[in-house]
Amino acid sequence: MEKVLFGDNQFFAVNHLSDEKSREQAIRFKDDASIIRVLDQAIETGINTFMCTTHDRIGNICNHLRANPDKYRNFKIYPCMPYAHKYANAVTELGIIGTVKQYVPGNIFSTFTKGGVAYLNKDFIKLMEIFVDAEMKMFKGIDTPVIFIQNVVVDLILGLGLNEVFKKYDAYIRKKYNAEPGYITMNLPALLDALNSVGIHNPIIASSINKIGFRMSGGKEVYERYLNEKTFRPIAMQVLAAGALRPKEAIEYLAGFPKIESVLFGASSKAHIQETRDLIMEYMG
Amino acid sequence: MLHAGIIGLGKMGLSHAAILNPHPDVELVGVCDTSSIVLEAFKKFSTIRVYDDYKKMIDTEKPDLLIVASPTKYHYEMVSYALDRGIHTFCEKPFSLTTREGRDLVNKAADKGVVNQVGFHNHFIGTFRELKRLLKAGILGELVHFTGEAYGPVVVREKGETWRSDPKEGGGCLFDYASHVINLIQEIIGLPVTASGSQLKKIYSKKVEDAVYSILTLDSGVTGVLSANWSDETYRKMSTSLMVMGKKGKIICDATELKIYLKEANERENLEKGWTIKYITDLAIPVNFYLRGEEYSAQIDHFIQCVLKNKQSEINSFAQALKTDETIDLIIEDSKR
């Protein structure tokens, strides 16, 4: 993995500090062209990996990448699935079965003529695979060497103690996509223990890592102990603690943990991207 | 170690299960639902016992505490059954379909002396908690007006129907979205005693309202506006906010920040004249396990701590949820005028 990963929250009105700022972002990135412009600026600063959620609009970005193969030859995407709000809103409105019906391409219930829903009920893992394939469709032909599950799903599975599901996901991503599975979590220590318990070793885990302990469940100390002592491939995210930290002090803190392989951050202006990228390379490169 | 059970594995029930299960003071012994898609995953991959009959789960597992996250129309019978057996009960919002049923549950919980709580999780968001504290400290002086709002993209086109599209089953924006705002207004600003100009508007739904607008008068005499709309796709997810205006200034509060404007500095609170912004990064309640937001873990932990101490909390009791249901009734009645 490269040291610097470019995130996508800024494009989709995700701002953990201010609903007002998130609306400004929604207005600014109304057009796909405005997203592509910022991605190109990130590439100009030397960033070649875009870590993004499987938002509908990423499909359009992927079309652009495919249409310009020379320009984006070295460009990689790390998909993060699913875009949770799409499903969460659907589950509130349509229920779980209704959501499956809406989002799985084709008529899933006629695909499995033998019993339809009943078939899926008996094969939860098959359902997971169908969802992964549905989410991955938009990335066809694009280099996706690491494929992540979003924290809301990781932490749900973790909390429910369904750790075997991680094992199945891990195997499926390696086999079907020839990619490395990644995990995003708000509960790093508990997740690493759970993955280890089902035989997943040295996993790629993206989690909040920041000086003020924001969204580091269980406290900063246990995170730091895991970063110093355990075997895994950490990606630091929320490193600016939603803007509560200045970039320099944020990156200085991360530099204290040599195990951190990559830093994920998002920004909307070239100056910001350049500044953060340079800081990461200076302290951690 | 407390034994816990959950009825209903929809979005909230699953979320509660994932938060309860890793809790150090709790063993989640049983879950109950009628939809088998989720139950199969539990059966296959977990040691939690699975039921499709809630009475059987309660009678077999005899849990110390129960979470009821079924559709609203079942709350009354399920919570009743649990209370009759002396089980501490957490019920999802909205609390009950009728205030008669709600009152019955409030009385029963008091008779049995069990801990009771309803899932109005906004009270466990640091910003709203800080707003309550600041208003209690009187930093705005005499209050003159408020607005309470909730917007989000639940029903954004005309299509499919679930229990949420049946007004008799507690569906609709009033029960689902506006109830959160009403509860916040009631606990932070003051209890609504009358509703006027109430509008329950259908936008895309055929049977239930997609938006709620009403003018509420509080017991203090202060009036304000309630505005909720779950068919607003300009919001990525549900967004809830309160604005309170007083003679000494104004506060705007949502789940991420608290914007305070004061006409004069307040030294006791260390607030300057003009605008001060407080962020959730400084106000969030630390949790041991995070899923979707600190507030969901914090409310469950609060319930468990109350059960451990066998002491009813002042936050989100059945009695408070009943008051919210009573305001919902006021708005429905007023909208028919």
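Residues numbered from 1 in each chain as written. Chains lettered and ligands numbered in written order. Predicted model: local features only at pLDDT ≥ 70, side-chain atom pairs only at ≥ 80, totals over all residues.

Description of the overall build of chain B
- On a plain count of helices and strands, chain B comes out with ten helices and 14 strands.
- Relative to the compact-globule value of 20 Å for 337 residues, chain B shows a C-alpha radius of gyration of 20 Å, a close match.
- With the principal axes as the frame, chain B shows a C-alpha extent of 60 × 45 × 40 Å.
- When burial is assessed residue by residue, chain B has 54% of its 337 residues classed as buried.
- Of the contacts formed within chain B by residues at least 6 apart in sequence, a portion of 69% connects residues at least 24 apart. (Helix = DSSP H or I, 4+ residues; strand = E, 2+ residues; numbered from the N terminus. Rg over C-alpha atoms; globule rule 2.2 N^0.38 Å. Buried ≥ 20, exposed ≤ 12 C-beta atoms within 10 Å, placed from the backbone. Contact = placed C-beta atoms within 7 Å.)

A word on the nonpolar core
- Counting residues in hydrophobic clusters, the biggest one holds 182 residues, and the most contacted among them are Leu191(A), Val263(A) and Ala178(B).
- When residues of this core are assigned to their parent elements, the largest contribution, eleven residues, is made by helix H7 (residues 173–189) of chain B.
- Summarising the domain contributions, this core has at least three residues from each of domain 1 (2–121 + 300–315) and domain 2 (122–287 + 319–336) of chain B. (Core = buried A, V, L, I, M, F, W, Y, C linked by C-beta atoms within 7 Å. Domains from an automatic or database assignment.)

Examining the domain arrangement of chain B
All names here are of chain B.
- According to the domain assignment, chain B contains domain 1 (2–121 + 300–315) and domain 2 (122–287 + 319–336).
- On a C-alpha basis, the centroid separation for the pair domain 1 and domain 2 is 26 Å.
- If you look at the interface, domain 1 gives 18 residues, while domain 2 gives 17 residues.
- Sort the elements by how many residues they give to the side of domain 1 that touches domain 2 and helix H5 (residues 99–112) lands first, with four residues.
- Taken together, the residues of the side of domain 1 that touches domain 2 break down into eight nonpolar, six polar and four charged. (Nonpolar A, V, L, I, M, F, W, Y, C, P; charged D, E, K, R; others polar.)

Structural notes on the confidence of the model for chain A
- In the predicted model, chain A carries a mean pLDDT of 88, and the fraction of residues at 70 or more is 87%.
- Predicted confidence is poor over residues 110–115 of chain A, with pLDDT under 50, and the contacts of this stretch with residues over four places away or in other chains come to four contacts. (pLDDT = per-residue confidence, 0-100.)

Quick word on the sheet that holds strand S11 (residues 239–246) of chain B
Residues and elements named next belong to chain B.
- Overall, mixed pairing links the eight strands, which are arranged S8-S9-S10-S7-S11-S12-S13-S14 in an open sheet. Edge positions in the sheet fall to strand S8 (192–201) and strand S14 (274–279), since each of these pairs with one other strand and no more. On average, adjacent strands in this sheet sit at an angle of 10 degrees to one another, irrespective of strand direction.
- Two strands pair when backbone bridges link them, and S11 and strand S12 (residues 249–254) are joined in this way by six bridges, in the antiparallel orientation. Following the sheet pairing, Leu242 is matched in S12 by Cys253.
- Each of strand S7 (143–151), S8, strand S9 (211–218), strand S10 (223–229) and S11 is contacted by H7, which is oriented at about 150 degrees to S7, the strand it contacts most. (Pairing = 2+ DSSP bridges. Axes fitted to C-alpha atoms, helices over the stretch in contact; angles between N-to-C directions.)

Regarding the pairing of strand S3 (residues 76–81) of chain A
All names here are of chain A.
- In terms of strand pairing, strand S2 (residues 49–53) meets S3 through five bridges, oriented parallel. Within S3, the residue paired with Phe50 across the bridge is Ile77.
- Read from S2 through helix H3 (residues 56–67) to S3, the crossover connection turns out right-handed.
- Here S3 pairs with strand S4 (residues 146–149) via two bridges, running parallel. (Right-handed = clockwise from strand over helix to strand, strands pointing away.)

What to know about helix H7 (residues 124–136) of chain A
- The end-to-end C-alpha distance of H7(A), which contains 13 residues, comes to 18 Å, matching closely the 18 Å that a straight helix rising 1.5 Å per residue would cover.
- Every buried residue of H7(A) is accounted for by Phe124(A), Ile130(A) and Val132(A). (Expected span 1.5 Å × (residues − 1).)

Describing the sheet that holds strand S4 (residues 65–68) of chain B
Residue and element names in this part refer to chain B.
- The strand order across the open sheet built from six strands is S3-S2-S1-S4-S5-S6, with neighbouring strands paired in parallel fashion. The two strands at the open ends of the sheet, each matched to only one other strand, are strand S3 (49–51) and strand S6 (116–118). Strand-to-strand twist of the sheet, defined as the mean angle between neighbouring strand axes without regard to direction, takes the value 20 degrees.
- Bridge count for strand S1 (residues 2–7) against strand S2 (residues 26–32) is six bridges, and the pairing is parallel. By the bridge assignment for S2, Gly5 is matched with Gly30.

Some remarks on the pairing of S9(B)
Residue and element names in this part refer to chain B.
- Relative to S9, S8 is paired through seven bridges, and the arrangement is antiparallel. Among the inter-strand pairings, Ser196 is bridged to a residue of S9, identified as Ile215.
- Looking at chain direction, S9 and S10 are connected through seven bridges and run antiparallel. Looking at the pairing, Val212 lines up with Ala228 of S10.
- The antiparallel hairpin formed by S9 and S10 contains four residues in its connecting segment, where Gly221 sits at a positive phi of about 95 degrees.

Some thoughts on unusual backbone geometry
- For the peptide bond that leads from Met81(A) to Pro82(A), omega is -10 degrees, which places it in the cis range.
- Looking at where Pro82(A) falls in the secondary structure, it is placed in the loop between S3 and helix H4 (84–103).
- Between Lys93(B) and the following residue, Pro94(B), the backbone shows a cis peptide bond with an omega angle of -10 degrees.
- A positive phi angle is found at Arg215(A), which is not glycine, with a value near 55 degrees.
- Locating Arg215(A) in the fold gives a position in the loop between strand S6 (204–208) and helix H11 (220–229).
- Of note in the backbone geometry, Arg292(B) takes a positive phi value of approximately 70 degrees without being a glycine.

Points about helix H9 (residues 163–177) of chain A
Residue and element names in this part refer to chain A.
- With 15 residues, H9 should reach 21 Å at 1.5 Å per residue; the first-to-last C-alpha distance of 21 Å fits that figure.
- Along H9, the residues that are buried comprise Asn163, Val165, Phe166, Tyr169, Asp170 and Ile173. The arc that holds every buried residue of H9, seen down its axis, measures 140 degrees, which confines them to one face.
- The positive-phi residue at the C-terminal boundary of H9 is Asn178, with phi of around 50 degrees. (Arc of directions from axis to C-beta.)

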